[in-house]
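# Structural overview for review
Listed below, chain by chain, are the residues.
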Amino acid sequence: MLGYSEMLSNSFPETDKRHKRIEVIHHAALRARGLVQQLLAFSSRQTLEFRMLDLNRVVRDFEQLLRRTIRDDINIRYHLHDGRLVIQGDVGQIKQIIMNLAVNAEDAMPSGGELTVKTSTMVIGKGQEKYFEGLPSGDYAVLTVCDTGTGIDQETLACKGRGTGLGLSTVYGIVRQHGGIIQAGSEAGSGASFRVCFPLRESEPEPLQPVKPKPHQKGEGAKVLVVEDDEIVRKFVVQALDEEGFETREAENGQAALELLEKGDFKPELLLTDLVMRGMNGRMLYEKVCDFMPGIKVIYMSGYPKDIISRHGVLDTGLSFLLKPFPVPVLLDKVKDVLKNGE
């Protein structure tokens, strides 16, 4: 849905009413993808891109978007710790935590109120681990979101990790993936406070560089073999590459791909293959293809999180990888980059 709506949208000018209808479909698909990502985060199976982050910087960068999201009758205050708070995390998921807690607080203040976002530090001493769900002793960065809303009764507070809505449950899943904990405090009618603890790091934060658009380059007839057992995904990938000027062939599984290549009529420069397939997986296929085409490059595709794939021994660090679902520009950029620079 995302891929085809994206390609259709580019076929009509923005003033065309068909373009606007396609945009509605595209945004609906984006919301569906977001829901799936929330479910993955809740079940701790979301794919995360960890880097060293300054928690204060993440909060500041998110301030404007949060203000546009939360109702105007809610005053938002910030109290940030002096100096940097370096944690290891996924910047998008940290922002998801802030957003979910803020929206949850908004729901608890139907007549307006005050939302406070704070950062601080905390030290868990020896012997105190039991009070923090077993977190090891050491230094922690703390993100606290408080509201002046209706509060939460003690029975609901006791259902830790089993929130009545997906928002808090998602936060719980993300926090656990980051090696932290979330603690809630409230009484009915007295507001609520959520405190998230992340292990504090001594490393320097990595700079958050804006993504610069790459110059547009056509496929220039480069040959790509697409191997994918889902026909809809396979046809979408082939069509996107064909429209960009690549010469493509397709196969529904590893065996069909080998039979196509053994004919000798098509000698691809790149193997673009699904990683997890029945019978012969993508890694096994690539190894077999390399026996008689040693110079071929490879990109793996999968909808499974990379950490789960790695545990099954089918994906090594450094190999080119596309996580489904991917937009057309990401697909094209990855293919062109691998063809130009290798794996």
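Everything here concerns the structure above.
Structure report, in brief. Please read all numbers here as calculations on a predicted model, not as lab measurements. (Residues numbered from 1 in each chain as written. Predicted model: local features only at pLDDT ≥ 70, side-chain atom pairs only at ≥ 80, totals over all residues. Heavy atoms only, no water.)

## Some points on the side chain of Thr 273
Our working rule: A run of DSSP states H or I qualifies as a helix once it reaches four residues; a run of E qualifies as a strand once it reaches two. Both are numbered from the N-terminal end. A 1.4 Å probe rolled over the protein chains alone gives each residue an accessible area, and that area as a share of the maximum for its type sets the label: buried under 20%, exposed over 50%, partly exposed in between. Whether two residues are in contact is decided by their heavy atoms, any of which lying within 4.5 Å being enough.
Take Thr 273: it is sitting in strand E10 (residues 270-274). Given a relative accessible area of 0%, Thr 273 falls into the buried group. With sequence-adjacent residues up to four places away left out, Thr 273 is seen in contact with Val 227, Gly 282, Leu 285, Val 298, Ile 299, Tyr 300 and Met 301.

## Focus: the sheet that holds E10
The test is simple: Two strands form a pair only when DSSP identifies at least two bridges running between them. Axes, fitted as lines to C-alpha atoms, cover a helix only where it is in contact. Angles between the N-to-C directions of the axes lie from 0 to 180 degrees.
Across the sheet, 5 strands lie side by side as E9-E8-E10-E11-E12; this open sheet has parallel pairing. On the outer flanks of this sheet lie strand E9 (247-251) and strand E12 (321-323), each paired with one strand and no other. Going across the sheet, the axis of each strand differs from the next one's by a mean of 20 degrees, ignoring polarity. Where strand E8 (residues 223-227) meets E9, 5 bridges bridge the pair, whose relative direction is parallel. Across the sheet, residue Val 227 finds its bridge partner in E9, namely Ala 251.

## Points about the sheet that holds strand E7 (residues 192-199)
With mixed pairing, 5 strands are arranged side by side in an open sheet as E2-E4-E5-E7-E6. A single partner strand is all that each edge strand has here, and the edge strands are strand E2 (74-79) and strand E6 (181-186). Adjacent strand axes in the sheet meet at a mean angle of 20 degrees, parallel and antiparallel pairs treated alike. As defined by bridge partners, E6 adjoins E7 across 6 bridges and the pair is classed as antiparallel. Its bridge partner lying in E7, Ser 186 is registered against Ala 192. Across the face of the sheet, helix H3 (residues 55-69) comes into contact with E2, strand E4 (113-124) and strand E5 (138-147) while running at roughly 165 degrees to E2. Strand contacts of helix H4 (residues 91-107): E2, E4, E5, E6 and E7, with the helix running at about 170 degrees to E7, the strand carrying the most contacts.

## Looking at helix H8 (residues 254-262)
So the rule is basically this: In this description, the arc belongs to the directions extending from the helix axis to the C-beta atoms. Polar contact criterion, stated in full: a pair of N or O atoms within 3.5 Å, where within protein one must be able to donate a hydrogen and the other to accept it, and residues adjacent in sequence count only if both atoms are side-chain atoms.
The complete set of buried residues in H8 reads Gly 254, Ala 257, Leu 258, Leu 260 and Leu 261. One side of H8 carries all its buried residues, which in axial view fall inside an arc of 160 degrees. Buried positions along H8 lie against E8, E9 and helix H9 (282-292). At the N-terminal end of H8, a side-chain oxygen is found 3.2 Å from the backbone nitrogen of Gln 255, two or three residues along, and the residue is Asn 253. Residue Gly 264 follows H8 closely and has a positive phi angle near 80 degrees.

## Looking at the pattern of salt bridges
When the charged atoms of two side chains lie near each other, side chains of opposite charge can form a pair. Spelled out, the test is: Salt bridges, as used here, are contacts in which a Lys or Arg side-chain nitrogen is within 4 Å of a carboxyl oxygen on Asp or Glu.
Applying the stated criterion across every chain yields a total of 13 salt bridges. We note a salt bridge from Arg 57 to Asp 61, for which the minimum N-O separation is 2.9 Å. With Arg 57 and Asp 61 both in helix H3 and 4 residues apart, this pair spans about one turn of that helix. On the basis of relative accessibility, which here comes to 39%, the residue Arg 57 falls in the partly exposed class. Judged by its relative accessible area of 38%, Asp 61 falls in the partly exposed class. With a closest N to O distance of 3.6 Å, Arg 283 and Glu 287 form a salt bridge. Note that Arg 283 and Glu 287 are positioned in helix H9 at a spacing of 4 residues, about one turn of the helix. A relative accessible area of 43% places Glu 287 in the partly exposed class. By sharing partners, the salt bridges in this structure join Glu 228, Asp 274 and Lys 324 into a single network.

## Observations concerning the nonpolar core
To keep it simple, the criterion reads: Nonpolar cores were defined as sets of buried Ala, Val, Leu, Ile, Met, Phe, Trp, Tyr and Cys residues, with membership established by side-chain atoms within 4.5 Å.
With 33 residues, the main nonpolar core has Leu 66, Ile 94, Ile 97, Leu 101, Leu 115, Leu 143 and Val 196 as its most contacted residues. Of all the secondary-structure elements, those providing two or more residues to this core are H3, E2, H4, E4, E5, helix H6 (166-177) and E7. The greatest single-element share of this core, amounting to 7 residues, is contributed by H4. Contacts of Val 196, omitting those with residues within four sequence positions, involve Ile 97, Leu 101, Ala 141, Val 142, Leu 143, Val 175, Ile 181 and Ile 182.

## A short note on the pairing of E8
What counts here: For a crossover, the right-handed case is the one in which the path from the first strand over the helix to the second runs clockwise, viewed with the strands pointing away from the viewer.
Along E8, 4 of the 5 residues are buried, which leaves the element largely enclosed by surrounding structure. On the question of chirality, the crossover connecting E8 to the parallel E9 by way of helix H7 (residues 231-243) is right-handed. Here E8 pairs with E10 via 4 bridges, running parallel. Paired with Val 224 across the bridge in E10 is Leu 270.

## Here we look at the packing of helix H1 (residues 2-9) against H7
Where we set the bar: For classification purposes, angles smaller than 35 degrees are called roughly parallel, those larger than 145 roughly antiparallel, those between 65 and 115 roughly perpendicular, and all remaining angles oblique. Crossing handedness follows the turn of the near helix against the far one: under a right angle anticlockwise gives a left-handed crossing, and clockwise gives a right-handed one. The classification used treats Ala, Val, Leu, Ile, Met, Phe, Trp, Tyr, Cys and Pro as nonpolar, Asp, Glu, Lys and Arg as charged, and all other residues, Gly among them, as polar.
At a minimum axis distance of 10 Å, the contact between H1 and H7 shows a crossing angle of 30 degrees. Our classification of the angle between H1 and H7 gives roughly parallel. Viewed along their axes, H1 and H7 form a crossing whose handedness is left-handed. Contact with H1, carried on its side by Gly 3, Tyr 4 and Met 7, involves Ile 232, Lys 235, Phe 236, Gln 239, Ala 240 and Glu 243 of H7 and no other residues of that element. Here the residues of the contact of H1 with H7 sort into 5 nonpolar, 2 polar and 2 charged.

## So, the environment of Glu 250
Note that Glu 250 resides in strand E9. Considering only alpha carbons, one finds Glu 250 and Thr 273, 23 residues apart in sequence, at a separation of 9.7 Å. In contact with Glu 250, other than residues within four places in its own chain, are Leu 225, Val 226, Arg 234, Lys 235, Val 238 and Leu 260. At 2.8 Å, the side chain of Glu 250 forms a polar contact with the side chain of Arg 234. Among the polar contacts made by the side chain of Glu 250, one reaches the side chain of Lys 235 at a distance of 3.1 Å.

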